[in-house]
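Chain and residue survey
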Amino acid sequence: MDVRNTNSIKEAYSQVKTILPENTGLWGLVNNAGVTAVGGPCDWHQRHHYEKCFDVNVFGMVDVTITFLPLVKKSKGRIVNVSSIVGRVAASGAYSMSKFGVEAFSDGLRISMSCFDVSVSIIEPGFFKTNLVSQSNVVEPMKDLWNELTPEVQEVYGKEFFDEQMENTEKAIMWCSTNIALVVNAMEHALSSVKPRKRYIVGLDARLFWIPLSLLPSCIADPILIKLNYFSTPKMLKTTSKK
């Protein structure tokens, strides 16, 4: 099923409805389809970078949910939406924005579906080593993005800033957890538990760092996030400070 294509979603719905016994609904729907987005400062990105990410992570999830919702309501079943810890702590770029959208849609859906006894759970994984954070999906697109920038923007930041961004991105990938079973276990609990949770915070980094960071006031959290995102100073600011 291609979640970007409404006809593909409707075809999947028809197939599921055919398989189900007559007058029965669908117990569980898991929205796990997702794509990552290229990193870097916000002024490195254009509209199409955001549209590509939102098309899958937000609009695809909404389309699938609304299409299958009648079957889930009939069984008083479960909906599980996979968000991310960056849906709680903002990061530059389309991916974090899309996961904030997942959080908002899921919260609204949970409230509005409560009268039908439909449970809606949000999975909020920390950083895990999946295909989404591979070299080909994260590092290589950043190189392409840099090459697509106008000479003016490249001059503002400088090659040193870009090289350090690349180095930090590669280090971040190495620190990602390989214990993906934790995410699967959360999905299983949300689908089968007598009392599913509203939110599943998955991973030590999410529990011990990102969630506490999300609760701090911006005046404290911002310097931490700035340090995490940008270890180098843009070239233009270095030049200005010397004058």
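Here the residue numbering is sequential within each chain, running from 1 through the sequence in written order. Note on the predicted model: pLDDT of at least 70 is required for a residue's local features to be given, and 80 or more for side-chain atom pairs to be given and counted; whole-chain, interface and lining totals, by contrast, use all residues. The basis for every side-chain value is the complete set of non-hydrogen atoms in the structure, without hydrogens or water.

1. What to know about the sheet that holds strand 1 (residues 28-31)
Our working definition: In this scheme, strands are said to pair when DSSP sees at least two bridges between them. The helix count covers DSSP runs of H or I at least four residues long, the strand count covers runs of E at least two residues long, and both are numbered beginning at the N terminus. The axes are straight lines fitted to the C-alpha atoms, using for helices just the contacting stretch, and the angles between their N-to-C directions are given from 0 to 180°. Residues count as neighbours in contact if any of their non-hydrogen atoms are within 4.5 Å of one another.
Taking strand neighbours across the sheet as the criterion, the four strands line up as 1-2-3-4 in an open arrangement whose pairing is parallel. The open sheet has two free edges, formed respectively by strand 1 and strand 4 (199-202), since each of these has just one partner strand. Strand-to-strand, the axes of this sheet are offset by a mean angle of 15 degrees, without reference to chain direction. In this sheet, strand 4 lies alongside strand 3 (residues 119-125) in parallel orientation, the contact comprising four bridges. Pairing of Glu 124 across the sheet is with Ile 201, part of strand 4. Packing against the sheet, helix 3 (residues 94-113) makes contact with strand 2 (78-82), strand 3 and strand 4, and its axis sits at approximately 160 degrees to strand 3.

2. Observations concerning the packing of helix 2 (residues 47-75) against helix 3
Counted only if it meets this: Angular relationships are summarised with four words: roughly parallel below 35 degrees, roughly antiparallel beyond 145, roughly perpendicular across 65 to 115, and oblique for the angles in between. For any pair of crossing helices, the crossing counts as left-handed if the nearer helix is rotated counterclockwise from the farther one by less than a right angle, and right-handed if it is rotated clockwise. Residues were grouped as follows: Ala, Val, Leu, Ile, Met, Phe, Trp, Tyr, Cys and Pro as nonpolar; Asp, Glu, Lys and Arg as charged; and all remaining residues, including Gly, as polar.
Two numbers describe how helix 2 lies on helix 3: the axes approach to 9 Å, and their chain directions differ by 20 degrees. Here helix 2 is positioned roughly parallel relative to helix 3, judged by the angle of their axes. Considering how the two elements wind past one another, helix 2 and helix 3 form a crossing that is right-handed. Touching His 49, Tyr 50, Cys 53, Phe 54, Asn 57, Val 58, Met 61, Val 62, Thr 65, Leu 69 and Lys 73 of helix 2 are Ala 94, Tyr 95, Met 97, Ser 98, Lys 99, Val 102, Phe 105, Leu 109 and Met 113, all from helix 3. For the contact of helix 2 with helix 3, the per-class residue count stands at 14 nonpolar, four polar and two charged.

3. A closer look at the environment of Asp 205
So the rule is basically this: Only protein chains enter the accessibility calculation, which uses a 1.4 Å probe; a residue is then buried when its area is under 20% of its type maximum, exposed when over 50%, and partly exposed in between. For the purposes of these results, a polar contact is taken to be a pair of N or O atoms within 3.5 Å, where, inside protein, one atom must be able to donate a hydrogen and its partner to accept one; residues adjacent in sequence count only when each atom of the pair is a side-chain atom.
Structurally, Asp 205 can be placed in helix 7 (residues 204-215). A relative accessible area of 25% places Asp 205 in the partly exposed class. Sequence separation of Asp 205 and Ile 85 is 120 residues, and the distance between their C-alpha atoms is 9.3 Å. Residues contacting Asp 205, with those up to four places away along its chain left out, are Gly 126, Phe 127 and Trp 210. A polar contact is formed between the side chain of Asp 205 and the backbone nitrogen of Phe 127, at a distance of 2.9 Å.

4. A closer look at the layout of surface pockets
To find leftover empty space, a probe the size of one water molecule is rolled over the atoms. Just so we agree on the cut-off: Grid points spaced at 1 Å and placed over the protein atoms alone form the basis of the search, with a cavity being a set where a 1.4 Å probe fits but cannot get out and a pocket an open set showing protein on both sides within 12 Å along at least five of seven lines. Lining residues have an atom within 4 Å of a point. Grid points are joined across faces, edges and corners, and a volume is the space filled by probe spheres set on the points.
Looking at the second largest pocket, its volume works out to about 310 Å³. Taken together, the elements giving at least two residues each to the lining of the second largest pocket come down to helix 2 and helix 4 (135-148).

5. With respect to a nonpolar patch on the surface
Quick reminder of the rule: Candidates for patches are residues over 30% relative accessible area with no salt bridge; among them, like charges are joined within 9 Å and nonpolar side chains (Val, Leu, Ile, Met, Phe, Trp, Tyr) within 5 Å. Throughout, the Shrake-Rupley method with a 1.4 Å probe supplies accessible areas, and for residues the shown protein chains are the sole cover considered. A carboxyl oxygen of Asp or Glu within 4 Å of a side-chain nitrogen of Lys or Arg is what we treat as a salt bridge.
On the surface, Phe 209, Leu 216, Ile 220, Ile 224 and Leu 228 cluster together into a nonpolar patch covering about 380 Å² of accessible area. Here the element with the most residues in the nonpolar patch is helix 8 (residues 218-229); it accounts for three residues. Since its relative accessible area comes to 39%, Leu 228 is described here as partly exposed.

6. With respect to helix 1 (residues 6-19)
The test is simple: Here the expected length of a helix is defined as 1.5 Å per residue gap, with one fewer gap than residues. It is the directions from the helix axis to the C-beta atoms that the arc portrays.
Taking 1.5 Å of rise per residue, 14 residues should cover 20 Å, and helix 1 covers 20 Å from first to last C-alpha, within 8% of that figure. When we look at burial in helix 1, the residues that qualify are Ser 8, Ile 9, Ala 12 and Tyr 13. What you see down the axis of helix 1 is that its buried residues fit within an arc of 140 degrees, all on one side. Turned more than 90 degrees off the buried face of helix 1, the exposed positions are Asn 7 and Thr 18. If you follow the buried residues of helix 1, they end up packed against helix 2. Measuring from the backbone nitrogen of Asn 7 back to the side-chain oxygen at the start of helix 1 gives 2.8 Å, which picks out Asn 5 as the cap.

7. Concerning the pattern of salt bridges
Taken as a whole and assessed by the stated rule, the structure comprises eleven salt bridges. With its nearest N and O atoms 3.8 Å apart, the salt bridge here joins Lys 76 to Asp 117. Of the two residues, Lys 76 is situated in the loop between helix 2 and strand 2 and Asp 117 in the loop between helix 3 and strand 3; the sequence distance between them amounts to 41 residues. A residue is classified by how much of its surface remains accessible, and Asp 117, at 48% relative accessible area, is partly exposed. A salt bridge links Glu 124 to Arg 199; its shortest N-O distance comes to 3.0 Å. Placement of Glu 124 in strand 3 and of Arg 199 in strand 4 is noted, with a sequence separation of 75 residues between them.

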